[in-house]
Amino acid sequence: MQNTLTLPPIFQSNMVLQRQKPIRIWGRGPALCSVKAAFNGAEASALTGEDGHWELRLPPMEASGGGRLELFCGGEAACSFDSVAVGEVWIAGGQSNMEFALRYDRRRREVFARPPDPLLRYFEVPKLSWEGQREGDPFTGGDFASQGLWLGFSRKNAPLFSAAAYYFAARLREKLGVPVGIISCNWSGVPAFAWIAEDMLRADGETAPFWNEYYDRIKTQDPAAYEKAFDKAHAEGWSPLMRGAFDLYMRGRIPIVLGDILKKIDPGFLDLQLMGPRDPWRPCGLYSTMVRTVEGYTCRGVIWYQGEGDDLRPGYYARLFALVIRGWRRAWGEELPFVFAQLAAFGRDHFQRGDAFPELRRQQELAAESTAKTWMVCTMDLGERYNIHPGNKGPVGERLATAALAAVYGLDLPWRSPRAEGVSRGDGGELRVRFGGCDGGLEIRGPRIKGLRLFDRGAEARKFQARTEGDTLLILPDRIGGADEICYAWEPYTEVNLFDGAGFPALPFRLTEDPSSPWGAEKQS
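Source: prediction; values computed, not measured.

1. Regarding the overall build of the chain
Item 1. Counting its secondary structure elements, the chain contains 12 helices and 25 strands.
Item 2. By the burial criterion, 58% of the 525 residues in the chain qualify as buried.
Item 3. Counting only contacts in the chain whose residues sit at least 6 apart along the sequence, the fraction spanning at least 24 positions is 73%.
Item 4. Counting only carbon and sulfur atoms, one obtains 48% of the accessible surface of the chain, whose full area is about 21600 Å².

Structure below.
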């Protein structure tokens, strides 16, 4: 009966199983055959269906460093996996800033010099944009050798790890002292609707038009002509020259080098998004080809860094992200925690502008407020004006980890960024912006606050002073009554220097005076 059972690729030697939860294992085998799993002294059994599908759950276990998982079919040994650890498992989802590899990170040399950690493990879900995609497809650069394997942290493997996910996992290892496994499921440039289940996107009245627009386009396509054009564009796009340019792009060497290289590339490359059934940016595509390959693998939660790809539809982001969360929770059969990064400060680069980022950040905050077990961390202080991929991913991963340690694991750690909750006018005409979520009060790092703008009936008030007083920001306009709108970090890119005592940057905000009520009954828009 050897090799009579087939399991999804995520089940393999060196994997990490989630502690303290029933461990789901599934696959296919001969019809109506008994299947048994044995691991760490525990057993579970199931009977395959007529289609050969089977599923079982091992009982919850505490953390352990490694063991052998054995599977039997019809009473005979079928397959086994070695060095299986039990600990904390998190999915790292999103687009290029989550995909951003350690080899590009600003602290990479320090990280590469760290000793190996065989109990910090990483699995990259193979990047497949359509069913049946062949290995070595030019769009992925043939980089399948590093995908679909559970890798332990070492100097050799570290460059392949998501930087944000690595720093997240390293902090969990430090604080919890258990094995940590990361399942990396992300793709550069994709909008949120690529990660949504089709039935959910189509059933939602606000988001169904995205599917309908896509369907109306593909139903008139000539499949053979589409595939030919797609293959040609992607072969050109992932030529050695383009891969070299992309490597420079991810390293942040944009203003000096990349512009000259792009001039040498066929302009047809820039039309990569050939919308159709092979396009990774299509609605629901990556949910079908990537998420479904790991859905239901027992884990603790999801960390997320995405939103840049929704700059053409920023007003829909909260709705779309909520559908991502709902769909993934349905697939896993539980209310998975989501901890995500708000978009960092960004101006423009050779491919994209940050004009929509203020609205996207607002939408991300709305998503965190309206969806249970969802927490957002601020990264405004980590952005770069001309680089959409900030190179300092250490604080991103560490803030995600701190939020998870506090909100999910219950550790007493500060993690929230200060959030403007209201404004009132003092007797001397000063504006008093009240903040919640401060740990140790507010502080302005530097002689003058950056990123703060005041407006009076649409005209910007250039002269004002600002200082902090506990959890309050005091703003003193040059003239009494000289402001009816206050904005902080409400631009695509701006430097920020308003922090709390724990070192977390204040969230962007825009406060406006409500004409129907006193300024003290403000609203946040």
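2. Focus: the packing of aromatic side chains
Item 1. Applying the stated criterion to the full structure yields 29 aromatic pairs.
Item 2. Here the aromatic rings of phenylalanine 193 and phenylalanine 210 are separated by 5.6 Å at their centres, their planes lie at 50°, and the arrangement is tilted. With a gap of 17 residues between them, phenylalanine 193 in the loop between strand E11 (180-186) and helix H4 (198-203) and phenylalanine 210 in helix H5 (residues 208-218) connect regions that are remote in the sequence.
Item 3. Since its relative accessible area comes to 5%, phenylalanine 193 is described here as buried.
Item 4. Overall, the relative accessible area of 14% leaves phenylalanine 210 in the buried class.
Item 5. Residues tyrosine 317 and phenylalanine 321 carry aromatic rings whose centres are separated by 5.7 Å and whose planes lie at 25° to one another, so their mutual orientation is stacked.

3. Concerning the pairing of strand E21 (residues 472-477)
Item 1. With 5 of 6 residues buried, E21 is to be regarded as a mostly interior element.
Item 2. Two strands pair when backbone bridges link them, and strand E16 (residues 431-436) and E21 are joined in this way by 4 bridges, in the antiparallel orientation. Within E21, the residue paired with arginine 432 across the bridge is leucine 474.
Item 3. Both strand E20 (residues 464-469) and E21 contribute to a ladder of 6 bridges, which runs antiparallel. Looking at E21, one finds that alanine 466 is bridged to isoleucine 475.
Item 4. In sequence, E20 turns back onto E21 through a hairpin of 2 residues, with glycine 470 there showing a positive phi of about 65°.

4. Remarks on the sheet that holds strand E3 (residues 34-39)
Item 1. If you walk across this open sheet you meet the 4 strands as E4-E3-E6-E7, and the pairing is antiparallel. Looking at the sheet topology across the chains shown, the edges are occupied by strand E4 (42-47) and strand E7 (76-81). For this sheet the average axis-to-axis angle between neighbouring strands, irrespective of direction, equals 20°.
Item 2. The sheet contact formed by E3 and strand E6 (residues 69-73) spans 4 bridges and is antiparallel. Paired with lysine 36 across the bridge in E6 is phenylalanine 72.

5. Things to note about the packing of helix H10 (residues 317-332) against helix H11 (residues 357-370)
Item 1. Remark: H10 packs on H11, axes separated minimally by 8 Å, with the N-to-C direction vectors making an angle of 45°. Relative to H11, the element H10 is oriented oblique. Between H10 and H11 lies a crossing of right-handed hand. Seen from H10, the contacting residues are Tyr317, Ala318 and Phe321; seen from H11, they are Leu360, Gln363, Gln364, Leu366 and Ala367.
Item 2. Class assignment of the residues belonging to the contact of H10 with H11 gives a composition of 6 nonpolar, 2 polar and no charged.

6. Examining the environment of aspartate 349
Item 1. With respect to the helices, strands and loops of the structure, aspartate 349 is situated in the loop between strand E13 (338-341) and H11.
Item 2. When the C-alpha atoms of aspartate 349 and tyrosine 249 are compared, they prove to be 9.5 Å apart, with 100 residues separating the residues in sequence.
Item 3. Within polar-contact distance, the side chain of aspartate 349 engages the backbone nitrogen of glutamine 352 at 2.8 Å.

7. A word on the environment of leucine 507
Item 1. One can find leucine 507 in the loop between strand E23 (498-500) and strand E24 (509-512).
Item 2. Note on leucine 507: relative accessible area 8%, which makes it buried.
Item 3. The spacing of leucine 507 and cysteine 378 is 129 residues in sequence and 6.3 Å in space, taken between C-alpha atoms.
Item 4. With sequence-adjacent residues up to four places away left out, leucine 507 is seen in contact with Gln342, Glu365, Met376, Cys378, Ser417, Pro418, Arg419 and Tyr488.

Parameters at a glance
Throughout, residues of each chain are indexed from 1 in the direction in which the sequence is written. Totals for whole chains, interfaces and linings use every residue, but because this is a predicted model, local features are given only for residues with pLDDT of at least 70 and side-chain atom pairs only at 80 or more, for both listing and counting. Hydrogens are left out, water is left out, and the side-chain values use all remaining heavy atoms of the structure. Only DSSP runs of H or I reaching four residues or more are called helices, and only runs of E reaching two or more are called strands; each is numbered from the N terminus. For the exposure calls, accessible area comes from a 1.4 Å probe over protein chains only, and a residue counts as buried if that area is under 20% of its type's maximum, exposed if over 50%, partly exposed in between. The contact criterion used throughout is that any non-hydrogen atoms of two residues lie within 4.5 Å. Every accessible area reported is derived by Shrake-Rupley at a probe size of 1.4 Å, with residue values counting cover from the shown protein chains alone. Each Phe, Tyr or Trp ring (for Trp, its six-membered ring) is paired with any other whose centre lies within 6.5 Å, and the angle between the two planes then decides the class: stacked below 30 degrees, edge-to-face above 60, tilted in between. Only when DSSP finds a minimum of two bridges between them are two strands counted as paired. In this analysis, axes come from line fits to C-alpha atoms, helices being fitted only over the stretch in contact, and the angle between any two N-to-C directions falls in the range 0 to 180 degrees. Oblique is the label for any angle not covered by the other classes, which are roughly parallel (under 35 degrees), roughly antiparallel (over 145) and roughly perpendicular (65 to 115). Crossings are assigned a handedness: left-handed for a near helix turned anticlockwise from the far helix by less than a right angle, right-handed for a clockwise turn. Residues are sorted three ways: Asp, Glu, Lys and Arg are charged, Ala, Val, Leu, Ile, Met, Phe, Trp, Tyr, Cys and Pro are nonpolar, and all the rest, Gly among them, are polar. Two N or O atoms count as a polar contact when they lie within 3.5 Å, although within protein this holds only if one can serve as hydrogen donor and the other as acceptor, and sequence-adjacent residues are included solely when both atoms are side-chain atoms.

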